[in-house]
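Here's the letter readout for the chains.
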Amino acid sequence: MPIVGLNLGKSSFRAVELESKKGGLVLNNFGIFESPALNLESTDEHDLDKFSAAIADFYNEVGFSTPEVVLGLDEVHVFMRIIKMPNMNDKELASALKYEAEQYVPLPMDQVNLSWRRLEPDFTEKDKINIQIVASRKDILEKYVTLARRAKLVPKAIEPETIALGRILGDTSGAPLGTMILDIGFSGSLIVVSYGGAVRFTRAIPIGGDVLTRTIQQQLSLDLPQAEEYKKVYGMDPAQADGRVYDVIKPVIDSLILEVKRADVFFTKHNSFASIKRLVVTGGAALMPNLISYIAQNVEAEVQLANPLSSLEISSKISKHTDLLFEQAPKYSAAIGLAMRGIQ
Ligand SMILES: Nc1ncnc2c1ncn2[C@@H]1O[C@H](COP(=O)(O)OP(=O)(O)OP(=O)(O)O)[C@@H](O)[C@H]1O
Ligand SMILES: [Mg+2]
């Protein structure tokens, strides 16, 4: 059964349709809807109707073959923690976690939907088990379900975008290297630490592509579309435009790198057995010229541009239209991770 992963980003909607065939994953279809200019935070009925109509139009235009969809949840509506518990069976754990989670989730428990999974134990505390708990705001989940249904879709699951990113770009349990993912989107960035096949730590940073564009706009006295163009064409390349674009956005990128380093220090301080060996950069702004090599010069980990397509086969039906998909692959990381959730 094919399934669609739908990432409702602030600058665009992205969706991919995946299907499991003979053990491999096939990308059947994909689509992007730029600048939806819609506000998902609104509680106004009229806005919700517009939003679901936009999703329905997008869906029909791309021509996905199934209404079944996995949606991504914005980091602000989710609380994810790893907690240590004494060893016990699943039934005992389920009831113990109800009370335990209360300490970690800053909302009343009746307002969140709690899910959990066991992780590999630490080397340090063998008698304790590690549990990943994910608490999502119920009102937001309900809103997503309503939106999807009004768009005539069948929501199979809704999960945090950070977990989806970890699934497609993070460590596997067979290769627990220690991976940090930096997703640089429009309104901000996400830092996700994946270790031993699971997401262990997440943080949202209010620095994204929009801040970069506005910095260029203000400091070089350009209009917004021009500034956006400069960002995409010159980016972090000091040899372009006399280094003027590089000079103005360098401090912004440096503060993002500082956050990456802070997250690394924080994570390894609390998980002394782990170290982060790899930094995978994804999201639209990861495509900025020379960004990856600039980051690589400033962090110790190996730095890579995300390639969420590497484990997928491309269906022959779409293989003629995939130039832009390959060019912009890091924009699709979350959507692909979401669809994979539906297949597992
Ligand atoms: N080729 C490119 N070079 C540089 N920046 C780019 C490029 N393509 C897209 N961007 C930037 O990436 C940002 C959008 O990234 P992305 O599509 O990951 O965001 P989003 O997921 O919609 O937003 P958010 O994560 O905030 O909800 C925009 O600021 C855009 O200018
Ligand atoms: Mg995003």
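Residues numbered from 1 in each chain as written. Chains lettered and ligands numbered in written order. Predicted model: local features only at pLDDT ≥ 70, side-chain atom pairs only at ≥ 80, totals over all residues. Heavy atoms only, no water.

Scanning the protein from N- to C-terminus turns up ten helices and 14 strands. For the protein, the C-alpha radius of gyration of 20 Å lies close to 20 Å, the compact-globule estimate for 344 residues. Taking the principal axes of the C-alpha coordinates as reference, the protein spans close to 65 × 45 × 45 Å. Here the protein, with 344 residues, has 52% of them falling under the buried criterion. Considering only residue pairs separated by 6 or more positions, the protein has 66% of its internal contacts joining residues 24 or more positions apart. About 16,400 Å² of surface is accessible on the protein, with carbon and sulfur atoms providing 49% of the total. One finds the centroid of the 37 positive side-chain charges in the protein at a distance of 4 Å from the centroid of its 43 negative side-chain charges. (Helix = DSSP H or I, 4+ residues; strand = E, 2+ residues; numbered from the N terminus. Rg over C-alpha atoms; globule rule 2.2 N^0.38 Å. Buried < 20%, exposed > 50% of the residue type's maximum accessible area, 1.4 Å probe, protein only. Contact = heavy atoms within 4.5 Å. Areas by Shrake-Rupley, 256 points an atom, 1.4 Å probe, with all protein chains shown as cover. Lys, Arg positive; Asp, Glu negative; His and termini not counted. Charge placed at Lys NZ, Arg CZ, Asp CG, Glu CD.)

Near ligand 1 you find 21 residues, and of these Lys10, Ser11, Ser187, Glu228 and Lys231 are the closest. Measuring from an oxygen atom of ligand 1, one finds a backbone N or O atom of Ser11 at 2.8 Å. Backbone polar atom of Gly284 to an oxygen atom of ligand 1: 2.8 Å apart, as the coordinates give it. Relative to its unbound accessible surface of 660 Å², ligand 1 loses 91% to contact with the protein. Of all the secondary-structure elements, those providing two or more residues to the shell around ligand 1 are strand S2 (12-21), helix H5 (209-219) and helix H6 (224-233). The element best represented in the shell around ligand 1 is H6, accounting for three residues. In terms of residue class, the shell around ligand 1 is made up of five nonpolar, nine polar and seven charged. (Near = heavy atom within 4 Å. Polar contact = N/O pair within 3.5 Å; in protein donor to acceptor, adjacent residues only side chain to side chain. Nonpolar A, V, L, I, M, F, W, Y, C, P; charged D, E, K, R; others polar.)

The next thing to look at is the nonpolar core. A general tendency of soluble globular proteins is for nonpolar side chains to be buried together. Core analysis: the largest hydrophobic core is formed by 55 residues, its most contacted members being Leu6, Leu8, Val16, Leu18, Ile55 and Ile336. With eight residues, the single largest contributor to this core is helix H1 (residues 45-62). Beyond its immediate stretch of four places on either side in the chain, Leu18 contacts Met1, Pro2, Ile3, Leu25, Val26, Leu27, Leu312, Ile336, Ala339, Met340 and Ile343. Judged by nonpolar contacts, the second largest core, of 42 residues, contains Met180, Leu212, Ile249 and Val252. (Core = buried A, V, L, I, M, F, W, Y, C linked by side-chain atoms within 4.5 Å.)

This next bit is on the sheet that holds strand S7 (residues 128-137). Pairing in this open sheet of three strands is antiparallel, and the strands run S5-S7-S6 from one edge to the other. Unpaired on one side and paired on the other, strand S5 (78-86) and strand S6 (112-119) mark the two borders of the sheet. Direction aside, the axes of adjacent strands within the sheet are offset by 25° on average. Contacts from helix H2 (residues 90-100) reach S5, S6 and S7 within the one sheet, and its direction differs from that of S6 by about 130°. (Pairing = 2+ DSSP bridges. Axes fitted to C-alpha atoms, helices over the stretch in contact; angles between N-to-C directions.)

Attention now goes to helix H8 (residues 291-298). Among all positions in H8, only Leu291, Ile292, Tyr294 and Ile295 are buried. One side of H8 holds all its buried residues, which, seen down the axis, span an arc of 160°. On its buried face, H8 is in contact with strand S9 (179-184), helix H7 (244-270), strand S12 (278-282) and strand S13 (302-305). (Arc of directions from axis to C-beta.)

Take the packing of H5 against H6 next. It is at 8 Å that the axes of H5 and H6 come closest, and there the two elements cross at 110°. Classified by the angle their axes make, H5 and H6 are roughly perpendicular. Considering the relative orientation of H5 and H6, their crossing is right-handed. Seen from H5, the contacting residues are Gly209, Leu212, Thr213, Arg214, Ile216 and Gln217; seen from H6, they are Leu224, Ala227, Glu228, Tyr230 and Lys231. (Parallel < 35°, antiparallel > 145°, perpendicular 65-115°, else oblique. Left-handed = near helix turned anticlockwise from the far one by under 90°.)

The topology assignment puts Thr66 in the loop between H1 and strand S4 (68-73). Here the side chain of Thr66 touches Glu68 through a polar contact of 3.0 Å, landing on its backbone nitrogen. Setting aside residues no more than four positions away along its own chain, Thr66 makes contact with Pro2, Ile3, Val4, Glu17 and Tyr59.

Look at any regular strand and the pattern is simple: side chains alternate between the two faces of the sheet. With five of seven residues buried, strand S8 (residues 154-160) lies mostly within the body of the structure. Judged from the six bridges that link them, S4 and S8 form a sheet pairing that is parallel. From the neighbouring strand, Val69 faces S8, where its bridge partner is Pro155.

Scanning all chains against the criterion turns up eleven aromatic pairs. Measuring from ring centre to ring centre gives 5.5 Å for Phe13 and Phe33, while their planes differ by 75°; the resulting arrangement is edge-to-face. With a gap of 20 residues between them, Phe13 in strand S2 and Phe33 in strand S3 (residues 24-34) connect regions that are remote in the sequence. In this structure Phe13 comes out as buried when scored by relative accessible area, which is 1%. In this structure an aromatic cluster arises from ring pairing among Phe13, Phe33, Phe51, Phe58, Tyr59 and Phe64. Cation over ring: Arg203 sits above Phe266, and NZ or CZ is 5.5 Å from the ring centre. (Phe/Tyr/Trp six-rings, centres within 6.5 Å; stacked < 30°, edge-to-face > 60°. Lys NZ or Arg CZ within 6 Å of the ring centre and 35° of its normal.)

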